[in-house]
Amino acid sequence: MKKRILKIFEDKGILLDPGAIDELSAAKDAMKCVDAILSDPERPLVVTKADVQYYLTCQPVKPKATPPKTAPEPRVALPSIEAEPGEIRILKDITGDSTCVGNVIDFAKLFNDRFQTLKKILARRRELAGMMSIDRARKIQKDVRFVGIVNDSRTTKNGHTILDIEDEDDRIQVLIMKGAKKGMDAFIKDEVLGIVGSLSKDGELVIAKDVIRPEVPLNNSMAPNGSNAIVAFVSDIHVGSSEFLPDAWNRFVAWLNKNPVAKGIAYIIMPGDLVDGIGIYPGQEDELSIEDVYEQYQEFARLVAAVPHRIKIVMMPGNHDAVRLAEPQPALPKEVSSMFDSRVTFVGNPCYMEIEGRTILAYHGRSMDDFAGNIPNMSQMRPAEIMKEMLRRRHLAPIYGDRTALAPEQRDYLVIDRVPDIFVTGHVHRCAIGEYRGIKMINASAWQGQTEYQRMRNQVPEPARVPMIDLGTGDIWVEDFSSS
Ligand SMILES: [Fe+2]
């Protein structure tokens, strides 16, 4: 087996280190793993034991109309694939898999998982070929390449940036000169980066020549796949708030029942804040029309019952819903889900799902507050710009200790480890559509007018808009129900 594997890789001009050969020879699915490595256009230059373990654990669940999980990076353009109408396949979701007990060790595991996953993505980048640990880089005294997690970022009085970067065993300061090239800016705590630079004589500082973000590959696109289905995105409904907009909602439901375009809508995805909840922000009790959270869900269930029954619905929690606040959030509990019929699928936040051959990443979007607060010129009013920053960093909520509470799970569910076709968020109550490197981005508006809390913070909502996407063609548009 060892010789056979060596020959295959030799013929393809791919190098394996000895640990990788041993790991592959001992694996049950060795040949499947070999295929996975060969078919990945961005495999590392030298395949290591860790890479083999990665490819072994990423075998596809069902090898069918989906980009193979063995080579999630980048998504290869799909030929025309057969759509499977009606099926919502959950690819990744914390629901039922939460392991956290909240101690220090669990947080270490969470950050280690983030680091290792993003390091694998960065290891495929040509700029980081030959990368090493910080500890080894220190001893080299010339051009160095390494991956680390940002522990701290500060600006010197001369306008340069100093990053404190760490990996599994060591940490080092990285200097980024003022006016350095584009992309070498807007650093946020706990993001994972690749650094290319040169070491100072004392081995204590790296002067950065380049900063490599994990990024999504170029040229993603939704090649036509034969699906006839439309997905509508309906977020932040906030039933129970005195600012909930029943007239706009009724216009939308009437449109769903009558309009010819609406006949093509087969799915509605709801990325969180289904109800207003209780005790979410100071003074909220003065802005509630329904003061019991379960009664809010009952009212919401009544509203959803008027949505045509042929439409399948995916419901995700947000920071106003009745699940734990810390992300990843599990799906709503049985007490709530039992109020809805079986055409509703309840998922956690975030969630990767596949519908009719398209991979959709849905995330409520709480961390947009942290991105806006930590990156100059970012604003919750322009969510597509923030979504792009999430994709560049391959992480939905990197910052620990700011407004987004993170749960100490053993695995980091907020890493963007697969490249989606469609990325949808809510939370900021704006309607935005955009595209980044071929990935369709949607922020799914709201069904609540401006609250006093938002007024005080200059947050201007853009409610009662419904972004939609044709799963077959990738066409995207917005229907406006804000006025009659
Ligand atoms: Fe909301």
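Residues numbered from 1 in each chain as written. Predicted model: local features only at pLDDT ≥ 70, side-chain atom pairs only at ≥ 80, totals over all residues. Heavy atoms only, no water.

(A) Representation of the overall build of the protein chain. Helix and strand counts for the protein chain stand at twelve helices and 19 strands. The proportion of buried residues among the 484 residues of the protein chain is 56%. Look at the contacts in the protein chain between residues 6 or more apart in sequence, and 69% of them connect residues 24 or more apart. When the accessible surface of the protein chain is totalled, it reaches about 20,600 Å², and 51% of it is carbon and sulfur. (Helix = DSSP H or I, 4+ residues; strand = E, 2+ residues; numbered from the N terminus. Buried < 20%, exposed > 50% of the residue type's maximum accessible area, 1.4 Å probe, protein only. Contact = heavy atoms within 4.5 Å. Areas by Shrake-Rupley, 256 points an atom, 1.4 Å probe, with all protein chains shown as cover.)

(B) How the structure looks around the sheet that holds strand S14 (residues 358–363). Sheet architecture is open: six strands sit in the order S3-S13-S14-S15-S17-S16, paired in mixed fashion. This sheet does not close on itself; its edge strands, each paired only once, are strand S3 (88–93) and strand S16 (431–436). Across this sheet, the average inter-strand angle for adjacent strands is 20°, counted without regard to direction. Seen against the sheet, helix H11 (residues 383–393) touches S14, strand S15 (422–425), S16 and strand S17 (439–444) and runs at an angle of roughly 135° to S17. (Pairing = 2+ DSSP bridges. Axes fitted to C-alpha atoms, helices over the stretch in contact; angles between N-to-C directions.)

(C) Quick look at the sheet that holds strand S6 (residues 171–176). Around the barrel, which closes on itself, the five strands sit in the order S4-S5-S6-S8-S7 with mixed pairing between neighbours. Taking the axes of each pair of neighbouring strands and ignoring which way they run, one obtains an average angle of 55° across the sheet. The pairing of strand S4 (residues 143–155) with strand S5 (residues 161–166) spans six bridges and is classified as antiparallel. Bridging from a neighbouring strand, Val-150 pairs with Ile-165 of S5.

(D) Focus on the coordination of the iron ion. Binding of the iron ion to the protein goes through Asp-236 (OD), His-238 (NE2), Asp-273 (OD) and His-429 (NE2), at separations of 2.0 to 2.3 Å. One way to put it: the four donor atoms around the iron ion meet at angles of 85 to 179°, and that makes the site irregular. In primary-sequence terms, the residues that donate to the iron ion follow D-x1-H-x34-D-x155-H. Placement of the pair is His-238 in the loop between strand S9 (230–233) and helix H7 (246–258) and Asp-273 in the loop between strand S10 (265–271) and helix H8 (293–305), with a sequence separation of 35 residues. (Donors = N, O, S within 2.8 Å, 3.2 Å for Na, K, Ca; no water. Tetrahedral: all angles 85-135°; square planar, octahedral: opposite > 155°, others 65-115°.)

(E) Expanded view of the pattern of salt bridges. All chains considered together, the criterion is met by 26 salt bridges. Its salt-bridge partner being Asp-143, residue Lys-209 comes within 2.9 Å of it at the nearest N-O pair. Of the two residues, Lys-209 is situated in strand S8 (residues 205–212) and Asp-143 in strand S4; the sequence distance between them amounts to 66 residues. Here Arg-430 ties to Glu-462 by a salt bridge, and the two come within 3.7 Å at their closest N and O atoms. Of the two residues, Arg-430 is situated in the loop between S15 and S16 and Glu-462 in the loop between helix H12 (452–456) and strand S18 (465–470); the sequence distance between them amounts to 32 residues. Judged by its relative accessible area of 17%, Arg-430 falls in the buried class. Taking relative accessible area as the criterion, Glu-462 reaches 23% and is therefore assigned partly exposed. (Salt bridge = Lys/Arg side-chain N within 4 Å of Asp/Glu carboxyl O.)

(F) Spotlight on the pairing of strand S7 (residues 192–199). Counted residue by residue, S7 has seven buried out of eight residues, so it is predominantly covered. Inspection of the sheet shows S4 paired to S7 by seven bridges, in the antiparallel sense. Each bridged residue has a counterpart across the sheet, and for Asp-143 the counterpart in S7 is Ser-198. Of the pairings in the sheet, the one linking S7 to S8 comprises six bridges and is antiparallel in character. Across the sheet, the residue bridging to Leu-199 is Val-206, located in S8. Between S7 and S8, which pair antiparallel one after the other, the connecting turn spans five residues, and Gly-203 there sits at a positive phi close to 75°.

(G) Broad picture of unusual backbone geometry. Between Glu-327 and Pro-328 the backbone carries a cis peptide bond, its omega angle lying at 5°. Mapping Pro-328 onto the fold places it in the loop between strand S11 (312–316) and helix H9 (334–337). Located in the positive-phi region is Ala-186, a residue other than glycine, with phi close to 55°. Locating Ala-186 in the fold gives a position in the loop between S6 and S7. On the basis of relative accessibility, which here comes to 23%, the residue Ala-186 falls in the partly exposed class. The backbone of Glu-215 shows a phi angle near 60°, a positive value even though the residue is not glycine. Among the structural elements, Glu-215 can be located in the loop between S8 and S9.

(H) Highlighting the environment of Leu-391. Residue placement: Leu-391 occurs in helix H11. Measuring from C-alpha to C-alpha, the distance between Leu-391 and Glu-215 comes to 6.2 Å, with 176 residues separating the pair along the chain. Beyond its immediate sequence surroundings of up to four residues, Leu-391 is in contact with Glu-215, Val-216, Ile-416, Phe-423, Tyr-436, Ile-439 and Met-441.

(I) Highlighting the confidence of the model for the protein chain. Confidence in the prediction of the protein chain, expressed as mean pLDDT, is 88, and 89% of residues score 70 or more. Taken together, the stretch residues 59–83 has pLDDT below 50 and engages in 60 contacts with residues farther than four places along the chain or on a different chain. (pLDDT = per-residue confidence, 0-100.)

(J) Geometry of the environment of Glu-287. One can find Glu-287 in the loop between S10 and H8. Residue Glu-287 is classed as buried on the basis of its relative accessible area of 10%. In this structure the C-alpha to C-alpha distance between Glu-287 and Thr-451, which are 164 residues apart in sequence, comes to 7.5 Å. For Glu-287, the contacting residues outside a window of four places in its chain are Gly-240, Ser-241, Ser-242, Tyr-281, Thr-451, Glu-452 and Tyr-453.

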